[in-house]
Amino acid sequence: MRIGVLGTGHMADALATHWARAGHEVVVGGRDARRAERLAARIGCGARSAELGAAAAAGHVVLAALPYGAGAEVVRELRTALEGKVLVDCSNPVGPGFRLLTEEGPSAARRLADAAPGARVVKAFNLCHEDVWRMRPPVFDGRPLAVPVCGDDAPALADVGALVRDAGCEPLPVGGLGQAGLLEATAALFISLWVGRGADVRSIAPPLAYAAGPGGVPPRPPASAPGMPGTPT
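Only a predicted model underlies this, so the values are computations on that prediction, with no experimental measurement involved.

Trainee: Quick question: what am I supposed to make of the environment of Arg76 here?
Mentor: Inspection of the secondary structure puts Arg76 in helix 4 (residues 68–77). Overall, Arg76 belongs to the partly exposed group, its relative accessible area being 42%. In this structure, the C-alpha to C-alpha distance between Arg76 and Arg111, residues 35 residues apart in sequence, is 9.7 Å.

Trainee: Got a minute to help me understand unusual backbone geometry in this structure?
Mentor: Keep in mind that most residues, glycine aside, have a negative phi and that most peptide bonds are trans. Of the consecutive residues Arg136 and Pro137, the connecting peptide bond is found in the cis state with omega at -5°. Positive phi, normally seen in glycine, also occurs at Cys45, with a value near 55°. Overall, Cys45 belongs to the exposed group, its relative accessible area being 52%. Here Phe98, not a glycine, exhibits a phi torsion of approximately 60°, which is positive.

Trainee: Where do I start with the packing of aromatic side chains in this structure?
Mentor: Any aromatic ring pair is given by two values, namely how distant the centres are and how the planes are angled relative to each other. Counted by the stated rule, this structure contains three aromatic pairs. Where Trp19 meets Phe125, the ring centres are 5.8 Å apart and the plane angle is 65°; that geometry is what we call edge-to-face. Of this pair, Trp19 sits in helix 1 (residues 10–21) while Phe125 sits in the loop between strand 8 (120–123) and helix 6 (130–133), and the two are 106 residues apart along the sequence. With respect to burial, Trp19 and Phe125 carry one shared label: buried. Judged by centre distance (5.3 Å) and plane angle (65°), the rings of Phe190 and Trp194 are edge-to-face.

Trainee: I keep staring at the layout of surface pockets and nothing clicks. Help me out?
Mentor: Empty space among the atoms becomes apparent when a probe as large as a water molecule is rolled across them. Taken as a whole, the second largest pocket encloses approximately 390 Å³ of empty space. If you go around the second largest pocket, you meet 18 residues; those closest to its centre are Met11, Leu66, Cys90, Ser91 and Asn92. The element contributing the most residues to the lining of the second largest pocket is helix 1, with three residues. Tallied by class, residues from the lining of the second largest pocket come to eleven nonpolar, six polar and one charged.

Trainee: Explanation requested: the sheet that holds strand 11 (residues 146–151) in the structure shown.
Mentor: The pairing of strands in a sheet comes from backbone hydrogen bonds and takes either a parallel or an antiparallel form. The strand order across the open sheet built from eight strands is 3-2-1-4-5-8-11-12, with neighbouring strands paired in mixed fashion. Looking at strand neighbours, the two that pair on one side only are strand 3 (48–50) and strand 12 (170–173), the edges of this open sheet. On average, each strand axis in the sheet is inclined to that of its neighbour by 30°, with strand direction left out of account. Here four bridges tie strand 1 (residues 2–6) to strand 4 (residues 61–64), and the two strands are oriented parallel to one another. Across the sheet, the residue bridging to Val5 is Leu63, located in strand 4.

Trainee: When you look at helix 4 in this model, what are you seeing that I'm missing?
Mentor: The α-helix advances 3.6 residues per turn, and as a result positions three or four apart in sequence lie on the same side. For helix 4, the full list of buried residues reads Gly71, Ala72, Val74 and Val75. Viewed along the axis of helix 4, the buried residues span an arc of 170°, placing them on a single side of the element. Against helix 3 (52–58), strand 5 (86–89) and helix 5 (108–115) lie the buried residues of helix 4.

Trainee: Help me understand helix 8 (residues 180–197), please; the structure alone is not making it clear to me.
Mentor: Taking 1.5 Å of rise per residue, 18 residues should cover 26 Å, and helix 8 covers 25 Å from first to last C-alpha, within 8% of that figure. Among the residues of helix 8, those classed as buried are Ala180, Leu183, Glu184, Ala187, Ala188, Phe190, Ser192 and Leu193. Its buried side turned inward, helix 8 meets strand 5, strand 6 (94–95), strand 7 (99–100), helix 5, strand 8 and strand 11. Taken from the residues just after helix 8, Gly198 is the one with a positive phi, measuring 65°.

Trainee: Explain the pattern of salt bridges here, please?
Mentor: Pairs may arise between side chains of opposite charge once their charged atoms sit close together. All chains considered together, the criterion is met by 13 salt bridges. Note that Arg48 is salt-bridged to Glu25, the shortest N-O span being 3.8 Å. Remark: Glu25 occurs in strand 2 (residues 25–29) and Arg48 occurs in strand 3; sequence separation between them is 23 residues. Arg48 gets classed as partly exposed once you look at its relative accessible area, which sits at 42%. Among the residues examined, Glu25 registers a relative accessible area of 39% and is labelled partly exposed. Residues joined by salt bridges that share partners form a network here, namely Asp13, Arg42, Asp131 and Arg134.

Parameters and conventions
- Residues numbered from 1 in each chain as written.
- Predicted model: local features only at pLDDT ≥ 70, side-chain atom pairs only at ≥ 80, totals over all residues.
- Heavy atoms only, no water.
- Helix = DSSP H or I, 4+ residues; strand = E, 2+ residues; numbered from the N terminus.
- Buried < 20%, exposed > 50% of the residue type's maximum accessible area, 1.4 Å probe, protein only.
- Phe/Tyr/Trp six-rings, centres within 6.5 Å; stacked < 30°, edge-to-face > 60°.
- 1 Å grid on protein atoms, 1.4 Å probe; cavity = no way out; pocket = protein on both sides within 12 Å on 5 of 7 lines; lining within 4 Å.
- Points joined across faces, edges and corners; volume = space filled by probe spheres on them.
- Nonpolar A, V, L, I, M, F, W, Y, C, P; charged D, E, K, R; others polar.
- Pairing = 2+ DSSP bridges.
- Axes fitted to C-alpha atoms, helices over the stretch in contact; angles between N-to-C directions.
- Arc of directions from axis to C-beta.
- Contact = heavy atoms within 4.5 Å.
- Expected span 1.5 Å × (residues − 1).
- Salt bridge = Lys/Arg side-chain N within 4 Å of Asp/Glu carboxyl O.

If you want it as structure tokens, here you go:
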């Protein structure tokens, strides 16, 4: 698979390294050409650098590893190059005090979709620190990490699911792109617990067998509630 990477930060480094080692063709793009060159050299496995537009044009899948404040602006500039591409958003719009910066407005992923309407946007990889993505593989208590993914295009979700597996994780479809705001709000909550309180977020949810009460069976989502976990829309 050809993968363009927009950005030269830690998330670009961690995820692109998995994909290059899995045999994908990786092109790193950044406004700072030297940083892009250094990151491509660090990734290795044939990764190369380019300017942002060339990286967007080179990939069948394009990772937007960009800060929330800059993502939509960069994507809008590259919307022609992103036409028809799978655009992966891993950003978290979280500000001081662990505040969700999107508030009542569109999610960060939706803003990318609006900025490049011809791209097929998928939200993924936003719930963990970059050092988790550097693990080979991210396995905890013998269980691979599950990565929630959401989007409106089935082939795009399949491509991103394959890249999740190449990082040693398991994709967890959670519905259409309308679910991206929930993933971003979940990240804000998790970060506030992990960083703000030093709490283990696993402690706030019972095992699946107890989700509907002791010994109960989790109810099926009603037909009027599309986008529930495991129910792509």
